[in-house]
Amino acid sequence: MTRRKFIRKLVGAGSAILAGGLWLAKKAVPRKFVRGAGLGKYPGSLKDLGDIDNQGKWSG
Amino acid sequence: MRRELKVQCELCPKLCVIEPGQSGECRVRINLEGVLRSVVYGFPCSMHIDPVEKKPLFHFLPGSRILSLATVGCNLHCKNCQNWEISQANPEESKAAACPPGKLVQLCKQYECPSLAYTYTDPIVFYEYTYDAAKLARQAGVRNVLVTAGYINERPWRELLEHVDAANIDLKGITDEFYRNICSGTLKPVQEALILAKASGVLVEVTNLIIPTLNDKAEQIGELCRWVRANLGADTPVHFSGFSPRYKMRHLPPTSAATLDSAREIAIGEGLNYVYIGNVRSKAGQNTYCPGCKGLLIERSGYTVLQQRVKDGRCPDCNREIYGVWK
């Protein structure tokens, strides 16, 4: 292997390692959100609104 | 590829990093395929029409009815939570009604409620629902009220406050240690939220729940009052509320009426003008008096207003301006 070929392979391998590192880093950093979009469906069970014209039992 | 991504929720100071398919500490904000979603948007678990005094708000449209709602979830986990059955519930195990923001405004009109309260749990965790409903409500001439622990980051808080008319914000204690040990939170963000709400022109009332042995010492109450006076002003109404043994604090006794009376005396001594007592019967502690001439302005019995003498925002006897929203 000539010296030139060796350097070319070294640069190629280095680039691949760098790209892989960047890809991993990007995956490790979480995406940031303040607002969350609604799901549109409730994960629990649904109920009727019922009679709302009465005082709530909860504090507040 | 996207579904493997973690998300970070920057709504509140907890800054939860959420794994795919999991929820944040509040239980209601989830990471679905690399995107933050609110599972409770448009799904209140509780909705009632309360007197506004129940929030408690004593300086905001006294005697009026307020449509009050909550979804499940909370970003704090107070060991003394009075509403833990809904605040600490998982949405998967709870029941809720479908009620989009527009329907809330329609209900306010139908039941002749001049205002809408986001309450019972904490509107911070159903932020998007609160924000959208508040915006629509204001356009329709309905006022918005938050009842909250104020544990939220500055940017979303500032944006929400633009649509809010009044807030009762808990100041649960005056030490970081109390917030860390009892509430799983920290003190500073709450203090910042209180200051920002007041500076934004929102009518602010403060609630401090007094828990025997934990935050009932005279020095602690005095320090809290001095902080309120220095940072929010002497006219900011403060409600000292009595604790009932609940959730993870069933071993402590309820707060005595004497402790609450003593807290009120301390607060008045520290120069606060409007100090109230909640969850126990107290004649003086539920009425509003003029800080100028000391005359009776609003007489209450429980949540009922018996007499309202504030006229055009002023004391009818000495003409002093009275802090509040009166019409």
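What counts and how
Residues numbered from 1 in each chain as written. Chains lettered and ligands numbered in written order. Predicted model: local features only at pLDDT ≥ 70, side-chain atom pairs only at ≥ 80, totals over all residues. Heavy atoms only, no water. Helix = DSSP H or I, 4+ residues; strand = E, 2+ residues; numbered from the N terminus. Rg over C-alpha atoms; globule rule 2.2 N^0.38 Å. Contact = heavy atoms within 4.5 Å. Buried area = accessible area lost by both parts, 1.4 Å probe. Salt bridge = Lys/Arg side-chain N within 4 Å of Asp/Glu carboxyl O. 1 Å grid on protein atoms, 1.4 Å probe; cavity = no way out; pocket = protein on both sides within 12 Å on 5 of 7 lines; lining within 4 Å. Points joined across faces, edges and corners; volume = space filled by probe spheres on them. Nonpolar A, V, L, I, M, F, W, Y, C, P; charged D, E, K, R; others polar. Patch = residues over 30% accessible without salt bridge, like charges linked within 9 Å, V, L, I, M, F, W, Y side chains within 5 Å. Areas by Shrake-Rupley, 256 points an atom, 1.4 Å probe, with all protein chains shown as cover. Lys, Arg positive; Asp, Glu negative; His and termini not counted. Charge placed at Lys NZ, Arg CZ, Asp CG, Glu CD. Buried < 20%, exposed > 50% of the residue type's maximum accessible area, 1.4 Å probe, protein only. Pairing = 2+ DSSP bridges. Expected span 1.5 Å × (residues − 1). pLDDT = per-residue confidence, 0-100. Arc of directions from axis to C-beta. Right-handed = clockwise from strand over helix to strand, strands pointing away. Polar contact = N/O pair within 3.5 Å; in protein donor to acceptor, adjacent residues only side chain to side chain.

1. Observations regarding the overall build of chain B
Now for step 1: Summing up its helical and strand segments, chain B has nine helices and 16 strands in all.
Now for step 2: Here chain B has a C-alpha radius of gyration of 20 Å; the compact-globule value for 327 residues is 20 Å, and the two agree.
Now for step 3: Along the longest, intermediate and shortest principal axes, the C-alpha atoms of chain B span 70 × 45 × 30 Å.
Now for step 4: Put simply, of all contacts in chain B between residues at least 6 apart along the chain, 66% involve residues at least 24 apart.

2. Considerations on the interface of chain A and chain B
Often, the extent of an interface is quoted as the loss of accessible area on bringing the components together.
Now for step 1: At the junction of the two partners, chain A supplies 31 residues and chain B supplies 58 residues.
Now for step 2: Both faces considered, chain A and chain B share a buried interface measuring about 4,000 Å² in area, 57% of it formed by carbon and sulfur atoms.
Now for step 3: Looking at the side of chain A facing chain B, the largest losses of area belong to Val34, Tyr42 and Trp58 of chain A, adding up to 19% of the total buried there.
Now for step 4: Here chain A is connected to chain B by two salt bridges.

3. Section: empty space enclosed by the protein
Residues and elements named next belong to chain B.
Now for step 1: Tallied over the full model, the rule gives one cavity of 30 Å³ or more.
Now for step 2: Taken together, 14 residues form the lining of the largest cavity, with Cys9, Cys12, Cys16, Cys26 and Arg29 sitting closest to its centre.
Now for step 3: In terms of residue class, the lining of the largest cavity is built from nine nonpolar, two polar and three charged.

4. Describing a positive patch on the surface
Now for step 1: On the surface, a cluster of positive charge is contributed by Arg4, Lys5, Arg8 and Lys9 of chain A.
Now for step 2: Structurally, lysine 5 of chain A can be placed in helix H1 (residues 3–28).

5. Focus: the pairing of strand E6 (residues 65–70) of chain B
Residues and elements named next belong to chain B.
Now for step 1: For E6, the buried fraction is high: five of the six residues fall into the buried class.
Now for step 2: By the bridge criterion, six bridges tie strand E5 (residues 46–51) to E6 in an arrangement that is antiparallel. Its bridge partner lying in E6, histidine 48 is registered against serine 68.
Now for step 3: Where E6 lies against strand E8 (residues 115–118), four bridges are found, and the strand directions are parallel. Bridging from a neighbouring strand, leucine 67 pairs with leucine 116 of E8.

6. A word on helix H7 (residues 218–231) of chain B
All names here are of chain B.
Now for step 1: Look at H7: 20 Å from first C-alpha to last across 14 residues, which is about the 20 Å you get at 1.5 Å a residue.
Now for step 2: Every buried residue of H7 is listed here: Ile221, Gly222, Leu224, Cys225, Trp227 and Val228.
Now for step 3: At its buried positions, H7 is contacted by helix H6 (187–199), strand E11 (203–210), strand E12 (238–242) and helix H8 (257–269).

7. Side note on the confidence of the model for chain A
Now for step 1: Mean pLDDT over chain A: 91, with 98% of residues reaching 70 or higher.
Now for step 2: Mean pLDDT values for the elements of chain A range from 86 in H1 of chain A up to 98 in strand E3 (residues 45–46) of chain A.

8. Remarks on the pattern of salt bridges
Now for step 1: Applying the stated rule across the entire model yields 17 salt bridges over all chains.
Now for step 2: Of the charged contacts in the structure, one is a salt bridge between arginine 158 of chain B and glutamate 154 of chain B, with a shortest N-O distance of 2.5 Å. Separated by four residues within a single helix, arginine 158 of chain B and glutamate 154 of chain B lie in helix H4 (residues 154–161), roughly one turn from each other.
Now for step 3: Among the ionic contacts, a cluster of salt bridges with common partners joins Arg35 of chain A together with Arg155 and Glu159 of chain B.

9. Observations regarding H4 of chain B
Structurally, the α-helix is built with 3.6 residues per turn, so residues lying three or four positions apart point the same way.
Residue and element names in this part refer to chain B.
Now for step 1: Taken as a whole, H4 has its buried residues at Pro156, Trp157, Leu160 and Leu161. Viewed along the axis of H4, the buried residues span an arc of 130 degrees, placing them on a single side of the element.
Now for step 2: Its buried side turned inward, H4 meets helix H3 (127–139), strand E9 (143–148), strand E10 (166–170) and H6.

10. Considerations on the environment of arginine 320 of chain B
All names here are of chain B.
Now for step 1: Turning to its location among the elements, arginine 320 is positioned in the segment after strand E16 (304–308).
Now for step 2: Residue classification places arginine 320 among the partly exposed positions, given a relative accessible area of 32%.
Now for step 3: Considering only alpha carbons, one finds arginine 320 and cysteine 293, 27 residues apart in sequence, at a separation of 8.5 Å.
Now for step 4: Among all residues touching arginine 320, those that are not within four sequence positions of it are Asp235, Asn273, Cys290, Pro291, Gly292, Gly313, Arg314 and Cys315.

11. Structural notes on the pairing of strand E13 (residues 275–278) of chain B
The side chains of a regular strand alternate, first on one face of the sheet and then on the other.
Residues and elements named next belong to chain B.
Now for step 1: Going residue by residue along E13, you find Val275 and Ile277 tucked away on one face and Tyr276 and Gly278 tucked away on the opposite face as well.
Now for step 2: With four bridges connecting them, E12 and E13 associate as parallel partners. Within E13, the residue paired with histidine 239 across the bridge is tyrosine 276.
Now for step 3: Note on the crossover from E12 through H8 to E13: the handedness is right-handed.

12. Some thoughts on the side chain of aspartate 165 of chain B
All names here are of chain B.
Now for step 1: Residue placement: aspartate 165 occurs in the loop between H4 and E10.
Now for step 2: A polar contact of 2.8 Å, which involves the side chain of aspartate 165, links it to the backbone nitrogen of asparagine 144.
Now for step 3: Sequence-distant contacts of aspartate 165, defined by excluding residues within four places in its chain, comprise Phe60, Arg138, Arg143, Asn144, Val202 and Leu203.

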